Amino acid sequence: MQVNTDTILKEFAQAFEGHAPTVLARAPGRVNLIGEHTDYNEGYVLPIAMDRAIFVAARPRDDGRLRAQSTLFNETVAWPLEELGGPGEPAWANYVKGTAAMLMRHGVELCGADLLIVSELPIGGGVSSSAALEVGTAKALLALTEAFVDPVQLALLCRQAEHEFANSPCGIMDQFASLLTHEGAALLLDCRSQQFDHLPFAPEGAAIVVMDTQVKHSIGGSEYPVRQKQCLAGVEFFRQNDASVRALRDVNEVMLARHAGQMDPTVAARCRHVVTENARVVHASEALRAGAFHEFGQLMTDSHRSLRDDYKVSCAELDALVELACDIGGVYGARMTGGGFGGCAIALVEDHAIDALTRAIKSRYDRQFDKPALVYTTRAAAGAEALHL
Ligand code: GLA
């Protein structure tokens, strides 16, 4: 669904007794081009913001209450700001409540507010709707009080909201991707130093095609925390030989080759993914700077195989989409994006091949699986912003 401002104004008036919003925040979803499951290992990621977003329209209230309505769930929630409490029901509201709570803990003096949330992003669809909801809420609440929080700090606060209020032990990629991206650029983020660079990403004659399996995933209750533990076991192992190892970021392919034989095979495979994936992001960034899209695409496909075989976070639907895409002339490369176990795959595709890819998905994938894949293109859009209306 693509939303427009008129619809948002109309829905706001319906939800909140005819009032008009004074602020409109937009927070995009993301697709990660490469660098998966590296963020919580203090490695590198390379996401873009999508051209689909969550919108949060807001107006101040003078009674210190925070009310929020989600048009997707057609539900309204309300709390006094002073008594936000902890996580509760409904689940979507925890992202809103958690973000407000983290801003207040950081010392921001929030005012009461009415918030209308309108989403173009599928929930649990692997394009980071939760980070977008946190970031959109934060941007809207800050704009209402004209408060400023440094964007890196803000991304960390939003991530903390997700940890504490949504029981999701995510890394930092998604909130950074929604907040710190630029139009026409990918965000090369070093998740250890939190330094970042914007690499031009507007491939001429090619596009990112998103292929949504519509298989829902949730990272809190999934294998995600299990992978985090396996990575920590890897760090413990390497630290016995080298006390300077603090995260898998500090392990390289030579160290891995030397010691893999003495490690638990599952832990060794998980480490192999993270170590090679970090190297692929560095390599892919150089390829991007050089405009070498064939090389970039090959690295995307290698990344998928590593996620499938070593990290084991793919699923039959994602594998089928990636294999199918790689068979089509004009596709540079393809991979799952995000946490895995469902959600989306992406492909970097020459414009002339997009139709062939879409047709192949219809005829081959949609017949094989229960749900048809949703296929659309996206481009590197701007990061989150808030407008005064
Ligand atoms: C989810 C998490 C991110 C990141 C990815 C995997 O999207 O929210 O922090 O770990 O999975 O790269």
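Predicted model, so just to flag it, every value in this text is computed and none were measured. (Residues numbered from 1 in each chain as written. Predicted model: local features only at pLDDT ≥ 70, side-chain atom pairs only at ≥ 80, totals over all residues. Heavy atoms only, no water.)

Enquirer: What exactly am I supposed to notice about the environment of Ala-20 here?
Expert: Note on placement: Ala-20 falls in the loop between helix H1 (5-15) and strand S1 (23-32). With a relative accessible area of 54%, Ala-20 lands in the exposed category. A C-alpha to C-alpha distance of 21 Å links Ala-20 and Pro-80, two positions 60 residues apart in sequence. Once you skip the residues sitting within four places of it in the chain, Ala-20 turns out to touch Phe-12 and Arg-59. (Helix = DSSP H or I, 4+ residues; strand = E, 2+ residues; numbered from the N terminus. Buried < 20%, exposed > 50% of the residue type's maximum accessible area, 1.4 Å probe, protein only. Contact = heavy atoms within 4.5 Å.)

Enquirer: Please clarify how the packing of helix H4 (residues 151-165) against helix H5 (residues 173-180) should be interpreted in this entry.
Expert: How two helices pack is summed up by the angle between their axes together with the distance between the axes. Where H4 meets H5, the axes come as close as 9 Å, and the angle between the chain directions of the two elements is 140°. Regarding the angle of H4 to H5, the classification is oblique. As for how H4 packs across H5, the hand of that crossing is right-handed. Residues Pro-151, Val-152, Leu-154, Ala-155, Leu-156, Cys-158, Arg-159 and Glu-162 of H4 form the contact with H5, whose participating residues are Gln-175, Phe-176, Leu-179 and Leu-180. Here the residues of the contact of H4 with H5 sort into nine nonpolar, one polar and two charged. (Axes fitted to C-alpha atoms, helices over the stretch in contact; angles between N-to-C directions. Parallel < 35°, antiparallel > 145°, perpendicular 65-115°, else oblique. Left-handed = near helix turned anticlockwise from the far one by under 90°. Nonpolar A, V, L, I, M, F, W, Y, C, P; charged D, E, K, R; others polar.)

Enquirer: What is the right way to read the packing of aromatic side chains from this model?
Expert: Between two aromatic rings, the relevant description is the distance of the centres plus the angle of the planes. According to the stated counting rule, one finds seven aromatic pairs in the structure shown. Positioned above the aromatic ring of Tyr-376 is the side chain of Arg-52, whose terminal nitrogen or guanidinium carbon lies 3.9 Å from the ring centre. One cation-aromatic arrangement involves Arg-227 over Tyr-311; the distance from NZ or CZ to the ring centre is 6.0 Å. (Phe/Tyr/Trp six-rings, centres within 6.5 Å; stacked < 30°, edge-to-face > 60°. Lys NZ or Arg CZ within 6 Å of the ring centre and 35° of its normal.)

Enquirer: Explain the site of the ligand to me, please; I cannot follow it from the model alone.
Expert: In the vicinity of the ligand lie 13 residues, with Glu-36, His-37, Asp-39, Asp-174 and Tyr-224 positioned nearest. His-37 is positioned with one of its backbone polar atoms (N or O) 2.7 Å from an oxygen atom of the ligand. Take Asp-174: an N or O atom from its side chain is 2.6 Å from an oxygen atom of the ligand. In terms of residue class, the shell around the ligand is built from five nonpolar, four polar and four charged. (Near = heavy atom within 4 Å. Polar contact = N/O pair within 3.5 Å; in protein donor to acceptor, adjacent residues only side chain to side chain.)

Enquirer: Can you walk me through the sheet that holds strand S8 (residues 196-200) in this structure?
Expert: Pairing between the strands of a sheet is mediated by backbone hydrogen bonds and can be parallel or antiparallel. Judged by pairing direction, the sheet is antiparallel, and its three strands sit side by side in the order S2-S7-S8 without closing on themselves. Looking at strand neighbours, the two that pair on one side only are strand S2 (44-45) and S8, the edges of this open sheet. Pairing between S2 and strand S7 (residues 185-190): two bridges, direction antiparallel. Considered in S7, the bridge of Tyr-44 is made with Asp-190. (Pairing = 2+ DSSP bridges.)

Enquirer: How should helix H6 (residues 224-241) be read in this particular structure?
Expert: An α-helix turns once per 3.6 residues; consequently, residues spaced three or four apart project the same way. With 18 residues, H6 ought to run about 26 Å at 1.5 Å a step, and its terminal C-alpha atoms sit 27 Å apart, in line with that. Turning to H6, its buried residues number three or more, namely Tyr-224, Arg-227, Gln-228, Gln-230, Cys-231, Gly-234, Val-235, Phe-237 and Phe-238. (Expected span 1.5 Å × (residues − 1).)

Enquirer: Quick question: what am I supposed to make of the pattern of salt bridges here?
Expert: When charged atoms on two side chains of opposite charge get close, those side chains can pair. Throughout the structure, instances matching the rule amount to 24 salt bridges. Two residues, Asp-63 and Arg-61, come together in a salt bridge whose shortest N-O distance is 2.7 Å. Two residues, Asp-197 and Arg-289, come together in a salt bridge whose shortest N-O distance is 3.0 Å. Taken together, the residues Asp-197 in strand S8 and Arg-289 in helix H8 (residues 265-289) connect sequence positions 92 residues apart. One salt-bridge network, in which partners are shared between bridges, spans Glu-17, Arg-59, Arg-61, Asp-63, Arg-67 and Asp-114. (Salt bridge = Lys/Arg side-chain N within 4 Å of Asp/Glu carboxyl O.)

Keep in mind these numbers describe shape, not what the thing actually does.
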